[in-house]
Amino acid sequence: MSTNTHVLVLNCGSSSFKFALIDSQSGNQLLSGLAEKLGHTDAIITIKRNGEKNSLALGEHNQHVDAIKVLVGTLKQLGLDDGISAIGHRVVHGGEAFTESAIIDDDVIFAIEAVSALAPLHNPANLIGIKAAQVAFPGVPQVAVFDTAFHQTMPAKAFMYGIDKNLYKDKGIRRYGFHGTSHYFVSQKAAEWLDKSTKDTSVITVHLGNGCSVCAVNDGKSMDTSLGMTPLEGLMMGTRSGDIDPGVIIHLMKQYNYDASQIDDLLNKQSGMLGLSQLSNDCRTLEDALNDADNDKRQAAQLTLEVFSYRVAKYIASYTCALTHLDAVVFTGGIGENSSYIRNRIVKHLSLLGLTIDESKNQQARFGQAGAIHDSTSRTPIIVIPTNEEWVIAQDAARLTKEAK
Ligand code: AMP
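Residues numbered from 1 in each chain as written. Predicted model: local features only at pLDDT ≥ 70, side-chain atom pairs only at ≥ 80, totals over all residues. Heavy atoms only, no water.

Caption draft 1: Summary view of helix 2 (residues 106–114). If you check which residues of helix 2 are buried, you get Val108, Ile109, Ala111 and Ile112. Along the axis of helix 2, the buried positions cluster into a sector of 160 degrees, meaning they face one direction only. Exposed positions of helix 2 whose direction lies more than 90 degrees from the buried face are Asp106, Asp107, Phe110 and Ala114. Structurally, helix 2 contributes buried residues whose contacts are with strand 6 (84–91), strand 7 (102–103), helix 3 (123–136) and strand 8 (142–146). Two or three places before Asp107, at the start of helix 2, stands the capping residue Asp105, its side-chain oxygen 3.1 Å from that residue's backbone nitrogen. (Buried < 20%, exposed > 50% of the residue type's maximum accessible area, 1.4 Å probe, protein only. Helix = DSSP H or I, 4+ residues; strand = E, 2+ residues; numbered from the N terminus. Arc of directions from axis to C-beta. Contact = heavy atoms within 4.5 Å. Polar contact = N/O pair within 3.5 Å; in protein donor to acceptor, adjacent residues only side chain to side chain.)

Below, the structure written as structure tokens:
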């Protein structure tokens, strides 16, 4: 077996997958890319290496396994294929079965299938990726890294819904949380930044990207997080509504004959920044629209970004309930890492908690630059830390593979 430290990380969706070949020790990406529109004749795979991008149309051979074959061919051409020590798969839902990452065998595949009912869009796609990778890389250990696993430490008071408890017992309906690898990674980095052991550190991590969630992390453990049984609860996101009164759904069904798939489409795809602004799901586009010549567009963007920021601030404030003390608030994800505007709006709502921002430091923390953005009077540090979910997956895959030897 290879002693190489290279791990292929696969993040498989129903019609796309992202991949990255990572050195699990240094975190360096040797190659990365994306296969899109799988299952369609216009499927395409794009591979990035050393800043160069190459795309290839997949034509009739447009299934996941075909795209993985193209990837294997490219790795071979580049001489990168025989040093792969493990393949790490991002798996969205591990239910209660997985409190940590796992080497994939028949039992693990069975358990991932068993929780698929809780994530019908995601887990079957993750399994397609696992099965295709098993065919393409026979003999290479495969590891599943779950988005939910980090949050399995949440206490019952945080994960139970206030509904008939038999729905939990019989159907597994409870809060699970997602973005676990990101919250884990930035909370570890925050402890390093604070020069404290993870054990004594209490932080609130705020992952703001297309998907958004807040997490309270105490002693290295997730105590509460804002995504729930599905990645729809909590904050307003790019196209997802986040929290709304469940009565709205009943009203739409009873009064306007919405069916389950219309509700699903409305809340998952047509809501959030896109739905409220009617302009875009993309934070950058909305920030640009703040200066649009059209007054209506300006107002729509302003309202959307204000609702978004206010809701994030409310979650941060409420998550102090889950902690013994607060060492830092940590921003990450595409918006959290780059948008000084959103961070400023959020922190402005938190002055009663004693959080204050240094605007010049805030402006500097962009484009992957980590750093503190609070001013000298702030009761608590506010830090921007770029997330690196691929590295967490690569490290877990390498560690478990080594332990299994
Ligand atoms: P992610 O899902 O983590 O890739 O984040 C995607 C989100 O980050 C999108 O809403 C982007 O508009 C947003 N984003 C990325 N860069 C910036 C930026 N410089 N300013 C504002 N938002 C940004």
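Caption draft 2: Spatial organisation of the sheet that holds strand 13 (residues 371–372). Reading across the sheet, the 6 strands line up as 11-10-9-12-14-13 and stay open at both edges, with mixed pairing between neighbours. Unpaired on one side and paired on the other, strand 11 (221–225) and strand 13 mark the two borders of the sheet. In terms of strand pairing, strand 9 (residues 202–208) meets strand 12 (residues 328–332) through 5 bridges, oriented parallel. Residue pairing across strands places Val203 opposite Ala328, the latter belonging to strand 12. Along the sheet, helix 6 (residues 180–194) contacts strand 9, strand 10 (212–218), strand 11, strand 12, strand 13 and strand 14 (382–384); its crossing angle with strand 9, the most-contacted strand, is approximately 130 degrees. Relative to the sheet, helix 13 (residues 340–348) contacts strand 9, strand 12 and strand 14, its axis offset from that of strand 12 by approximately 150 degrees. (Pairing = 2+ DSSP bridges. Axes fitted to C-alpha atoms, helices over the stretch in contact; angles between N-to-C directions.)

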